[in-house]
Amino acid sequence: DKAPLSKSLLLVPSAISILLTLLFQHYQKFFAYNLQAVKEDFQIWRLVCGRTICLDLKDTFCSSLLIYNFRIFERRYGSRKFSSFLLGAWMLSALFDLLLVEITQYMFGITINSLPSGFLGPVFALFVPFYCSIPRVQVTQVLGHFSITNKSLVYILGLQLLTSGSYIWILALSGLISGICYNSSILKVHRILCVPRWVAKIFSWTLEPVFSSAEPSNEVRVGMGATVDIQRQQRMELLDRQIMMSQVAQMRRQRQQQGGMINWNRLFPPLRHRHNANYQDHPSEQGIPPPTEVSEEQVARLMEMGFSRGDALEALRASNNDLNVATNFLLQH
């Protein structure tokens, strides 16, 4: 729902990759990412074909799962801004691919004629906003020392994709560099490499009806999973967040081990039963300190998850602007 571009990137390249592997193997040469042909024979079209379709089914599977997890950014930014990020990361990573290959040959004497094919540069670039903007919430611990968070599976998939080929580290490095350049607005890249509005309208009229999905019904919102974890996952899917398996019991055990358990109900009274009078800028009671300054950016992030502005303000004030603590509390109450 609300991610037609992610669905198209998930279905179309995967289908073409499977067809090339099983039925049309003699056409795979046209989708090889051959840098030698690009530089010597000026076959620029290989940059488009070779950097779009994976020829390895393992890469196809891992990149598809990563695109599925990164669909949250299309829901958050909108299809046009998300496609602009992918376009900018795709073009920048193509440039960095060539630069890194030349640097590798100059410094180590290694000649690289081809790289792994596929939509890998933008996929690795999406790890930059994923690391910067998605809160990290601990799910459990392994052996008492190693934390498992809501982001661990995505990083494991990225590591699996990174180790699937000999020179895929070049694509990963160029993707991360392009993601940093685009996400940090270096040299105003996001203004130069963007999808024009008229192009976005054309695709919204033609392709969006094909790949759009109906909004989940009200019954699904409640969560009909057989376990609490599945119900949490269903709820977070509808809230467009990836922090779906946070467990209050685990957090309380950690607090006990650290020397004391936090009473959430004492620190955070139930928000849903408060009235709008609690959100006034000038409290009427004497002796009550003024509310803590709240970052509008953090309020916007919580509202993007589906929480009301009043609940987001109250949770951030009570948690002293700690986004992770405020998110954990709102998800569990």
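Sequence order as written defines the numbering, with residues in each chain counted from 1. Note on the predicted model: pLDDT of at least 70 is required for a residue's local features to be given, and 80 or more for side-chain atom pairs to be given and counted; whole-chain, interface and lining totals, by contrast, use all residues. Calculation of side-chain values draws on the structure's entire complement of heavy atoms; hydrogens and water are dropped beforehand.

**A few points about the nonpolar core**
Our working definition: Here, the term nonpolar core denotes a set of buried Ala, Val, Leu, Ile, Met, Phe, Trp, Tyr and Cys residues that are joined through side-chain atoms within 4.5 Å. Residue exposure (1.4 Å probe, protein chains only): buried if accessible area is under 20% of the type maximum, exposed if over 50%, otherwise partly exposed. Secondary structure counts use DSSP, requiring at least four H or I residues in a row for a helix and at least two E residues in a row for a strand, with both numbered from the N terminus. What makes two residues a contact is simply this: any of their non-hydrogen atoms within 4.5 Å.
Membership of the largest hydrophobic core comes to 43 residues, with the highest contact counts inside it found for Leu66, Phe70, Phe73, Leu115 and Leu161. Counting only elements with at least two residues in this core, the list comes to α2 (35-40), α4 (57-69), α5 (71-77), α6 (79-108), α7 (120-125), α8 (127-133), α9 (152-162) and α10 (168-183). Counting residues per element, this core draws most heavily on α6, which supplies 9 residues. Residues within four places of phenylalanine 73 in sequence aside, it is in contact with Gly78, Phe82, Leu126, Pro129, Phe130, Ser133 and Ile134. Counting 13 residues, the second-largest nonpolar core is a separate cluster that includes Val294, Leu323, Phe329 and Leu330.

**Examining helix α18 (residues 296-304)**
For clarity, the threshold we go by: Regarding the arc, it is the one traced by the directions from the helix axis to the C-beta atoms.
Of the positions making up α18, those classed as buried are Gln298, Val299, Arg301 and Leu302. Along α18, the residues classed as buried sweep out an arc of 160° about the axis, all on the same side. In the stretch just after α18, glycine 306 is the one whose phi turns positive, near 110°.

**What to know about the packing of helix α1 (residues 4-22) against α6**
Rule in force here: Inter-axis angles, ranging from 0 to 180 degrees, are taken between N-to-C directions of lines fitted to C-alpha atoms, where helices are fitted over the stretch in contact. Any angle that falls under 35 degrees is termed roughly parallel, while one over 145 is termed roughly antiparallel, one within 65 to 115 roughly perpendicular, and all others oblique. Each residue receives one of three labels: charged for Asp, Glu, Lys and Arg, nonpolar for Ala, Val, Leu, Ile, Met, Phe, Trp, Tyr, Cys and Pro, and polar for the others, Gly being one of them.
Two numbers describe how α1 lies on α6: the axes approach to 9 Å, and their chain directions differ by 45°. Considering their axes alone, α1 and α6 lie oblique with respect to each other. Packed against α1, whose contacting residues are Pro4, Leu5, Ser6 and Leu9, the element α6 presents Ser79, Phe82, Ser83 and Leu86 at the interface. Residue composition of the contact of α1 with α6, grouped by class: 5 nonpolar, 3 polar and no charged.

**Concerning a nonpolar patch on the surface**
Cut-off, in case you're wondering: A patch is a set of surface residues, each over 30% in relative accessible area and not in a salt bridge, joined within 9 Å for like charges and within 5 Å for the nonpolar side chains Val, Leu, Ile, Met, Phe, Trp and Tyr. The accessible surface values rely on the Shrake-Rupley method and a 1.4 Å probe; as for residues, cover is taken only from the protein chains in view. What counts as a salt bridge is simple: a side-chain nitrogen of Lys or Arg found within 4 Å of a carboxyl oxygen of Asp or Glu.
On the surface, a nonpolar cluster with roughly 850 Å² of combined accessible area is contributed by Ile18, Leu19, Leu22, Leu23, Phe24, Tyr27, Phe30, Trp45 and Leu57. If one sorts the elements of the nonpolar patch by residue count, α1 sits on top with 3 residues. Mapped onto the fold, tryptophan 45 is located in helix α3 (residues 45-50).

**Here we look at unusual backbone geometry**
Among all residues save glycine, negative phi is the norm, and among peptide bonds the norm is trans. Located in the positive-phi region is phenylalanine 42, a residue other than glycine, with phi close to 55°. Along the chain, phenylalanine 42 falls in the loop between α2 and α3. Phenylalanine 42 gets classed as exposed once you look at its relative accessible area, which sits at 64%.

**Side note on the pattern of salt bridges**
Going through the model one piece at a time under the given rule, you end up with 4 salt bridges. For aspartate 97, the salt bridge goes to arginine 51, with nearest N and O atoms at 3.4 Å. One end of the pair, aspartate 97, is in helix α6; the other, arginine 51, is in the loop between α3 and α4, and 46 residues separate them in sequence. With relative accessibility at 2%, the residue arginine 51 sits in the buried group.

**Considering the packing of aromatic side chains**
Quick reminder of the rule: Only the six-membered ring of Trp is used, alongside the rings of Phe and Tyr, when aromatic pairs are assigned; centres must lie within 6.5 Å, and planes under 30 degrees apart are stacked while those over 60 apart are edge-to-face, with the rest tilted. In our convention, an over-ring charge means Lys NZ or Arg CZ found within 6 Å of a ring centre and within 35 degrees of that ring's normal.
As enumerated under the stated definition, the model contains 10 aromatic pairs in all. What links up through ring pairs into an aromatic cluster is the set Phe70, Phe73, Tyr77, Phe124, Phe127, Phe130 and Tyr155. Above the face of the tyrosine 68 ring, arginine 71 is positioned so that its terminal group lies 3.9 Å from the ring centre. Between lysine 151 and the ring centre of phenylalanine 130, over which it is positioned, the NZ or CZ distance is 5.1 Å.

**Remarks on the side chain of arginine 76**
Just so we agree on the cut-off: Here a polar contact is taken to be a pair of N or O atoms separated by no more than 3.5 Å, where protein atoms must pair a possible hydrogen donor with a possible acceptor and residues adjacent in sequence count only if both atoms sit in side chains.
Relative to the helices and strands, arginine 76 resides in helix α5. At 3.4 Å, the side chain of arginine 76 forms a polar contact with the side chain of serine 133.

**Some words on α4**
Quick note on the threshold: In a helix, the anticipated span is given by 1.5 Å times the number of residues less one.
Over its 13 residues, α4 runs 18 Å from end to end, which matches the ideal 18 Å to within 8%, given 1.5 Å per residue. Those residues of α4 that sit buried are Asp59, Thr60, Cys62, Ser63, Ser64, Leu66, Ile67 and Asn69. Looking at the buried residues of α4, the elements they touch are α1, α5, α7, α8 and α9. Measuring from the side-chain oxygen of the N-cap residue of α4 to the backbone nitrogen of lysine 58 gives 3.0 Å; that N-cap residue is aspartate 56.

**Let's talk about the environment of tyrosine 33**
In this structure, tyrosine 33 sits in strand β1 (residues 33-34). With 14 residues separating them along the chain, tyrosine 33 and leucine 47 place their C-alpha atoms 6.7 Å apart. A polar atom in the side chain of tyrosine 33 sits 3.3 Å from the side chain of arginine 51.

**Re the environment of serine 63**
Examined against the element boundaries, serine 63 turns out to sit in helix α4. Overall, serine 63 belongs to the buried group, its relative accessible area being 7%. Separated by 94 residues in sequence, serine 63 and leucine 157 have C-alpha atoms that sit 8.2 Å apart. Setting aside its immediate chain neighbours within four residues, serine 63 contacts Cys54, Leu120 and Val123.

**Some remarks on the UniProt feature "transmembrane region" (unreviewed entry) in the protein chain**
Just so we agree on the cut-off: UniProt positions are given in the numbering used here, feature names are shortened, and annotations may be inferred rather than shown by experiment.
Following the UniProt record, the feature "transmembrane region" (unreviewed entry) maps to residues 6-24, 85-108, 114-132 and 153-177 here. Across residues 114-132, the secondary structure splits into 63% helix and 11% strand, with the terminal C-alpha atoms separated by 32 Å.

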